[in-house]
Amino acid sequence: MFRFIKKEKESISIEAPKHIGVIMDGNGRWAKKRMQPRIFGHKAGMEALQNVTIAAKELGVQVLTVYAFSTENWNRPEKEVKFIMNLPVEFYDRFVPELHKNNVKIQMIGEVSRLPKETYEALLKAEELTKLNTGLILNFALNYGGRAEITQAIKEIAQDVLDAKFNPGDITEEMVADYLQTSSLPRVLRDPDLIIRTSGEVRLSNFLPWQSAYSELYFTDVLWPDFDENCLRDAVLEYNKRNRRFGGI
């Protein structure tokens, strides 16, 4: 799908990635630069998420998977974790109505049932409100860890082999993908075409390790709260310069 983006009075034809993954990093450093507590940055990051989601939708992106909270993030200070866990409640009240108007469908991956009750219920309400929407899928990765996801898939596959549902020799890559948490997405949209990481860090940090095997990676020094539609445009323009060969010539 092609979209036109205006850049310095010039119209540029681009092809939007079908699925973009975002590692939203740098909230704490953004707040520190402003001599504010880290939670101030997380709040600003939530506002950036709404803006980027609508911008991605306007570009023609079909899935936006955002790394909101990893299984390792529980090791952060208790006060910070508690604040982050309350953000989905505030997100539902402040931003979900607008996203719903924009035909955005909200989904989740991760061990979300282990989240605090109010956090989990806010996310379920967002899913329920937007379940019939047909536009961009905003896919929250909450309490998500890629290795944990793959480990759980292995356990489920092993149990199905024990239950004689199929033989080990029948296992294929496509079958493994059906046991991953992204199986709720349409098959052709499960793997990100592009993964963006903000804040200058250059690693994936356990984000979609199976699904990102052939993703294009884009790293930027911009801190997440400052990442806007122009930054997204730059990432997509860079993506359009890449030659995706998927192991071929």
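Scroll up for the structure.
Sequence order sets the numbering: in each chain, residues are counted from 1 along the sequence as written. Only residues with pLDDT of 70 or above have their local features reported here, since the model is predicted, and side-chain atom pairs are shown and tallied only from 80 upward, although totals for entire chains, interfaces and linings are computed over all residues. Excluding hydrogens and water, the side-chain figures rest on all heavy atoms present in the structure.

Outline the overall build of the protein chain, supporting the account with residue identities and numerical values.
The numbering of helices and of strands both runs from the N terminus, where a helix is a DSSP run of H or I of at least 4 residues and a strand a run of E of at least 2. Looking only at helices and strands, the protein chain has eight helices and eight strands in total. Radius of gyration: C-alpha atoms only; globule rule: 2.2 Å multiplied by the number of residues to the exponent 0.38. Computed over its C-alpha atoms, the radius of gyration of the protein chain comes to 18 Å, within 12% of the 18 Å expected for a compact globule of 249 residues. Along the first, second and third principal axes, the C-alpha set of the protein chain runs to 60 × 50 × 35 Å. Burial analysis of the protein chain (249 residues in total) assigns 48% to the buried set. Note on contacts: a residue pair qualifies if any of its non-hydrogen atoms lie within 4.5 Å across the two residues. Taking all contacts inside the protein chain whose residues are at least 6 apart in sequence as the whole, residues at least 24 apart take part in 74%. To measure how exposed things are, a 1.4 Å probe is used in the Shrake-Rupley method; for residues, cover is taken only from the protein chains shown. When the accessible surface of the protein chain is totalled, it reaches about 13400 Å², and 50% of it is carbon and sulfur. Throughout this description, buried means an accessible area under 20% of the type-specific maximum (1.4 Å probe, protein chains only), exposed means over 50%, and partly exposed covers the range between.

Talk me through the packing of aromatic side chains; I want residue IDs and the actual numbers.
Two aromatic rings, drawn from Phe, Tyr or Trp (for Trp, its six-membered ring), form a pair once their centres lie within 6.5 Å of each other, and the interplanar angle then sorts them: stacked below 30 degrees, edge-to-face above 60, tilted otherwise. As enumerated under the stated definition, the model contains eight aromatic pairs in all. Where Tyr67 meets Tyr144, the ring centres are 6.0 Å apart and the plane angle is 80°; that geometry is what we call edge-to-face. One end of the pair, Tyr67, is in strand S4 (residues 63–70); the other, Tyr144, is in strand S6 (residues 137–144), and 77 residues separate them in sequence. Considered together, Tyr67 and Tyr144 belong to a single accessibility category, that of buried residues.

Report on the packing of helix H3 (residues 78–94) against helix H5 (residues 117–130), specifying residues and quantitative values.
Geometry is summarised by axes, namely lines fitted to C-alpha atoms with helices restricted to the contacting stretch, and by angles between N-to-C directions that run from 0 to 180 degrees. The contact between H3 and H5 brings their axes to 8 Å, and the two run at 35°. The element H3 and its partner H5 pack so that their crossing is left-handed. On H5, the residues that touch Met85, Pro88, Val89 and Tyr92 of H3 are Glu118, Thr119, Ala122, Leu123, Lys125, Ala126 and Leu129. Polarity classes work like this: nonpolar for Ala, Val, Leu, Ile, Met, Phe, Trp, Tyr, Cys and Pro, charged for Asp, Glu, Lys and Arg, and polar for all others, with Gly in that last group. Of the residues contributing to the contact of H3 with H5, the split by class is eight nonpolar, one polar and two charged. Should the near helix be turned anticlockwise from the far one by less than a right angle, the crossing is termed left-handed; should it be turned clockwise, right-handed.

Lay out the pairing of S6 with the relevant residues and their values.
Where burial is concerned, most of S6 is hidden: eight out of the eight residues are buried. Strand pairing is assigned whenever DSSP identifies at least 2 bridges connecting the two strands. Of the pairings in the sheet, the one linking S4 to S6 comprises seven bridges and is parallel in character. Along S6, the bridge assignment pairs Thr65 with Asn139. Looking at chain direction, strand S5 (residues 105–109) and S6 are connected through five bridges and run parallel. Bridge pairing in S6 links Met108 to Phe140.

So what's going on with the side chain of Glu90? Residues and values would help.
Secondary-structure assignment places Glu90 in helix H3. You can call Glu90 buried: its relative accessible area is 17%. Each residue touching Glu90, except ones within four places of it in the same chain, is listed here: Lys43, Met46 and Phe95.

Give me helix H2 (residues 38–59): which residues, what numbers.
Residues spaced three or four apart along an α-helix face the same direction, because each turn holds 3.6 residues. In a helix, the anticipated span is given by 1.5 Å times the number of residues less one. Given a rise of 1.5 Å per residue, 22 residues ought to cover 32 Å, and the 31 Å separating the end C-alpha atoms of H2 matches this to within 8%. Where H2 terminates, the next one or two residues include Gly60, which has phi positive at roughly 105°.

Any link to function would need more than the numbers given here.
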